[in-house]
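Given next are the chains, with one letter for each unit.
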Amino acid sequence: GIFTFKMKTARAATAGTSPAEIRRLIKELEKAQGRGTTMVSVYVPGKQAQLNRMTKKISEEYGIASNIKSKETMQLVRDALRSIGQVLKGTKSIGKNGLALFCGYDVARGKQVSFELSPPKPIRSPIYSCGPNFEVRPLTKMCNSDPQNAIGFAVIGGEGTLFAVLGDSGVPETVKTTSVRLPKKQSKGGQSAPRFQRERI
């Protein structure tokens, strides 16, 4: 598959989802430096309901931003939220891997920058983050999760089984869980008593 990478100061570009390409994107995101809470990062899982919820969340945060004391910071945060909100509202359908958006005022460049991408692996849970830097840890985790270096394991207990994968990041990721209902232990009385006696012999 491919992921798209867009930036207001550059033409849209596409690249393969190799670890090297993801690291290149992470470096671009890390270069952008803001102040206070002006750098907004949004991760949306690949479900329409999640897209709708995040669109509503961004709209609510836009209103809450009016409480920011610094007028300059308030305006920068609102500008970022407005840009992200427009992209979310314009997204009619979302891919199975979800959508990641980054927008904020880059102090070094002296202008607002925005990044939009469909990640190479599914986004597990929604994330809304605002701070002096973009939130890139989920992308870093995707970059470090090389299937060739991953170790799979299963934990089996009396009530079920858990299947997980341990990748380069060192953080186990649950793949699947199962549960079972075992019958209760039989009493040693009644018709089964002779059988229990034979087992003890």
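Details of the structure are given in the entry above.
Values in this document were obtained by computation on a predicted structure and should not be read as measured data.

### Observations regarding the packing of aromatic side chains
Right, so step 1: Counted according to the given criterion, the structure contains 3 aromatic pairs.
Right, so step 2: Directly above the aromatic system of Tyr-62 lies the positively charged group of Arg-78, at a separation of 4.3 Å from the ring centroid.

### Some thoughts on the pairing of strand S4 (residues 99-106)
Right, so step 1: For S4, a buried count of 7 out of 8 residues is recorded, marking the element as mostly surrounded by other parts of the structure.
Right, so step 2: Pairing between S4 and strand S5 (residues 111-117): 7 bridges, direction antiparallel. By the bridge assignment, Asp-106 is partnered in S5 with Lys-111.
Right, so step 3: Adjacent in sequence and paired antiparallel, S4 and S5 are bridged by 4 residues, among which Gly-110 carries a positive phi angle near 70°.

### Observations concerning the nonpolar core
Right, so step 1: Counting 18 residues, the largest nonpolar core has Leu-29, Phe-102, Phe-115, Phe-134 and Leu-139 as its most contacted members.
Right, so step 2: Put simply, the parts of the chain that give this core at least two residues each are helix H1 (19-31), strand S3 (39-44), S4, S5 and helix H4 (137-144).
Right, so step 3: Top element by residues in this core is H1. It accounts for 4 residues.
Right, so step 4: Counting 16 residues, the second-largest nonpolar core is a separate cluster that includes Val-44, Met-54, Ala-65 and Cys-103.

### Focus: a nonpolar patch on the surface
Right, so step 1: A cluster of nonpolar residues, Phe-163, Val-165 and Val-175, forms a patch on the protein surface that exposes about 240 Å² of accessible area.
Right, so step 2: Within the secondary structure, Val-165 is located in strand S8 (residues 160-166).

### A short note on the pattern of salt bridges
Right, so step 1: Tallied over the entire structure, the rule returns 6 salt bridges.
Right, so step 2: For Glu-28, the salt bridge is made with Lys-31, and the minimal N-O distance between the two is 3.5 Å. Remark: Lys-31 and Glu-28 occur in helix H1; sequence separation between them is 3 residues, near one turn of the helix.
Right, so step 3: You can call Lys-31 exposed: its relative accessible area is 51%.
Right, so step 4: Among the salt bridges present, the one from Lys-57 reaches Glu-61, with a minimum N-O distance of 2.9 Å. Residue Lys-57 and its partner Glu-61 are located together in helix H2 (residues 48-64), separated by 4 residues, close to a single helical turn.
Right, so step 5: What emerges from the salt-bridge pattern is a single network uniting Glu-28, Lys-31, Asp-106 and Arg-109.

### So, H2
Right, so step 1: The end-to-end C-alpha distance of H2, which contains 17 residues, comes to 25 Å, matching closely the 24 Å that a straight helix rising 1.5 Å per residue would cover.
Right, so step 2: Of all the positions in H2, only Gln-50, Leu-51, Met-54, Thr-55, Ile-58 and Glu-61 are classed as buried. Buried residues along H2 cover an arc of 140° about the axis, so they all sit on one side. In H2, those exposed residues whose orientation departs by more than 90 degrees from the buried face are Arg-53 and Lys-56.
Right, so step 3: In this structure, the buried residues of H2 make contact with S3, helix H3 (71-90) and strand S6 (127-131).

### Some thoughts on the environment of Gln-48
Right, so step 1: Mapping Gln-48 onto the fold places it in helix H2.
Right, so step 2: Under the relative-accessibility criterion, Gln-48 is labelled partly exposed at 36%.
Right, so step 3: Sequence spacing of Gln-48 and Gly-98 is 50 residues, and the spatial spacing of their C-alpha atoms is 9.4 Å.
Right, so step 4: Leave out the neighbours within four places in its chain, and Gln-48 touches Lys-92, Ser-93 and Ile-94.

### Looking at the environment of Thr-174
Right, so step 1: Along the chain, the position of Thr-174 falls in strand S9 (residues 172-179).
Right, so step 2: Overall, Thr-174 belongs to the partly exposed group, its relative accessible area being 45%.
Right, so step 3: Sequence separation between Thr-174 and Phe-163 is 11 residues; the distance between their C-alpha atoms is 6.1 Å.
Right, so step 4: Contact partners of Thr-174, with chain neighbours within four places excluded, come to Leu-162, Phe-163 and Ala-164.

Thresholds, definitions, all that
- Residues numbered from 1 in each chain as written.
- Predicted model: local features only at pLDDT ≥ 70, side-chain atom pairs only at ≥ 80, totals over all residues.
- Heavy atoms only, no water.
- Phe/Tyr/Trp six-rings, centres within 6.5 Å; stacked < 30°, edge-to-face > 60°.
- Lys NZ or Arg CZ within 6 Å of the ring centre and 35° of its normal.
- Buried < 20%, exposed > 50% of the residue type's maximum accessible area, 1.4 Å probe, protein only.
- Helix = DSSP H or I, 4+ residues; strand = E, 2+ residues; numbered from the N terminus.
- Pairing = 2+ DSSP bridges.
- Core = buried A, V, L, I, M, F, W, Y, C linked by side-chain atoms within 4.5 Å.
- Patch = residues over 30% accessible without salt bridge, like charges linked within 9 Å, V, L, I, M, F, W, Y side chains within 5 Å.
- Areas by Shrake-Rupley, 256 points an atom, 1.4 Å probe, with all protein chains shown as cover.
- Salt bridge = Lys/Arg side-chain N within 4 Å of Asp/Glu carboxyl O.
- Expected span 1.5 Å × (residues − 1).
- Arc of directions from axis to C-beta.
- Contact = heavy atoms within 4.5 Å.

This is a description of form; function is not addressed.
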